[in-house]
Amino acid sequence: MSNGTSEGRGRLAVVTGGASGIGAATCEVLRVRGWEVVIADIDTAAAQRAAAQYSGHCVTMDVADQASIARAAAEIEARHGAVYGLVNCAALFAPQTPPEHLDIESWDRITGTNLRGTYICNVEFGKRMAGRGQGAIVNMSSIGGHRPNHGHAYTTSKAAIITLTQGMAGEWGRSGVRVNSITPGFVGVPRVLAAIELGKRYPVPPGSLSALGRLVEPAEVAESIAFLLSDRASGITGTDLAVDAGVLATSGWVVHGGVPGARAPAADA
Ligand SMILES: NC(=O)c1ccc[n+]([C@@H]2O[C@H](COP(=O)([O-])OP(=O)(O)OC[C@H]3O[C@@H](n4cnc5c(N)ncnc54)[C@H](O)[C@@H]3O)[C@@H](O)[C@H]2O)c1
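Only a predicted model underlies this, so the values are computations on that prediction, with no experimental measurement involved.

A. Representation of the environment of S181 in the model. Its place among the elements puts S181 in strand 6 (residues 177-184). Considered as a pair, S181 and Q166 are 15 residues apart in the sequence and their alpha carbons are 8.8 Å apart. Apart from residues no more than four positions distant in its own chain, S181 is found in contact with N139, I162, T165, L228, T239, D240 and L241.

Spelled out as structure tokens, the structure:
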């Protein structure tokens, strides 16, 4: 078992969507823990900035395009060597269209990036890991994948990622590849903080819905991702780990005014 800076042992991890938010925080944590990191993102300029900040490398990759993923996987291995870890953070977020106003193009765009893209990345990188007999993959689900909201394409794709993760874990477990997913809650990435500031998307402050009464920090999600990639999680595969400050655990309290501390004391208390 290893920990701290020796945990990664110089092994190579690819982080899709690593140019911002949780992906960028993951690159930072992985570097600190001794991994080599390649950011694979559609936003080349942001990926270059993040790679410079976290002393990593980057490639331009569009997870909605199978050929782009295949090209990037081959290019990364040719330039940097065998990929041991894969973190699939790249995602699009949902415009919340009422289903009566069927917007099938945005359904295809969101599921094509979030679900199909995650599947193809699993296959392109996972098959190489399985061929070598070692590797670990972390896919990103969401609390929306457990408790749906009106972002139907997004939440459906995030629910399916949990099933996909179990399927890939079954496929490659005997080949030395572990596959797990993470369910983040409301995470304080710039995109979410800006939406809270604008006040439109979240009529209720999202942190107030959690057991801990706050948002999750990007670094807290990144630490759990690093754990699942590492040898410390050697017995864990096919699991979904919630890093949600307890939102899933406490969602049933909403009709009772929220968890203690979030509501006025009941009259009969
Ligand atoms: N932030 C949250 O509160 C939250 C909550 C639940 C789940 N998640 C999940 O965590 C992951 C990261 O979320 P985030 O909030 O850090 O997002 P973010 O918007 O900060 O980052 C997403 C990254 O994905 C990249 N990307 C988008 N489309 C791409 C494509 N086609 N190919 C390659 N890269 C692409 C973007 O350029 C960006 O760098 C996502 O999978 C998201 O669903 C986030």
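B. Structural view of the nonpolar core. The biggest cluster of nonpolar side chains holds 39 residues, and the ones touching the most others in it are I22, L30, I182, V221, I225 and L229. Listing elements by their share of this core, those giving two or more residues are strand 1 (12-16), helix 1 (21-32), strand 2 (36-41), helix 2 (44-53), strand 4 (83-88), strand 5 (135-140), helix 6 (190-198) and helix 7 (218-229). The contact partners of I22, leaving out residues within four places of it in the chain, are C89, M140, P184, V187, V189, V221 and I225. Core analysis: the next-biggest nonpolar cluster, separate from the first, contains 26 residues, A40, A73, I120 and M129 among them.

C. Structural view of the site of the ligand. Near the ligand, the surroundings consist of 29 residues, among which S20, I22, D41, Y154 and R191 are the closest. In this structure, an oxygen atom belonging to the ligand sits 2.6 Å away from a side-chain N or O atom of Y154. Between the ligand and R191 there is a distance of 2.6 Å, counted from an oxygen atom to a side-chain nitrogen or oxygen. Relative to its unbound accessible area of 840 Å², the ligand is 91% covered by the protein chains. Elements with a contribution of two residues or more to the shell around the ligand: helix 1, helix 5 (152-172) and helix 6. Grouping the amino acids of the shell around the ligand by side-chain chemistry returns 17 nonpolar, 7 polar and 5 charged.

D. Just the environment of S175, in detail. Structurally, S175 can be placed in the loop between helix 5 and strand 6. Look at S175 and you get partly exposed, because its relative accessible area is 26%. Sequence-wise, S175 and L86 are 89 residues apart; in three dimensions their C-alpha atoms are separated by 16 Å.

E. Structural context of the sheet that holds strand 3 (residues 57-60). Taken in spatial order, the 7 strands line up as 3-2-1-4-5-6-7 in an open sheet, and their pairing is parallel. Every other strand in the sheet has two partners, leaving strand 3 and strand 7 (240-243) as the edge strands with one partner each. Taken over all neighbouring pairs, the strand axes of this sheet differ in orientation by 20 degrees on average, direction set aside. Examined bridge by bridge, strand 5 and strand 6 share 6 bridges and lie parallel to one another.

F. Representation of the pattern of salt bridges. Under the counting rule described, the total for this entry stands at 11 salt bridges. Between E223 and R33 there is a salt bridge; the shortest N-O distance is 3.0 Å. Remark: R33 occurs in the loop between helix 1 and strand 2 and E223 occurs in helix 7; sequence separation between them is 190 residues. In this structure, R128 and E124 form a salt bridge, with 3.1 Å as the shortest nitrogen-oxygen distance. With R128 and E124 both in helix 4 (residues 104-132), this residue pair falls 4 residues apart, about one helical turn. Three or more residues joined by partner-sharing salt bridges are found here, namely E7, R33, E223 and R232.

Conventions and cut-offs
- Residues numbered from 1 in each chain as written.
- Predicted model: local features only at pLDDT ≥ 70, side-chain atom pairs only at ≥ 80, totals over all residues.
- Heavy atoms only, no water.
- Helix = DSSP H or I, 4+ residues; strand = E, 2+ residues; numbered from the N terminus.
- Contact = heavy atoms within 4.5 Å.
- Core = buried A, V, L, I, M, F, W, Y, C linked by side-chain atoms within 4.5 Å.
- Buried < 20%, exposed > 50% of the residue type's maximum accessible area, 1.4 Å probe, protein only.
- Near = heavy atom within 4 Å.
- Polar contact = N/O pair within 3.5 Å; in protein donor to acceptor, adjacent residues only side chain to side chain.
- Areas by Shrake-Rupley, 256 points an atom, 1.4 Å probe, with all protein chains shown as cover.
- Nonpolar A, V, L, I, M, F, W, Y, C, P; charged D, E, K, R; others polar.
- Pairing = 2+ DSSP bridges.
- Axes fitted to C-alpha atoms, helices over the stretch in contact; angles between N-to-C directions.
- Salt bridge = Lys/Arg side-chain N within 4 Å of Asp/Glu carboxyl O.

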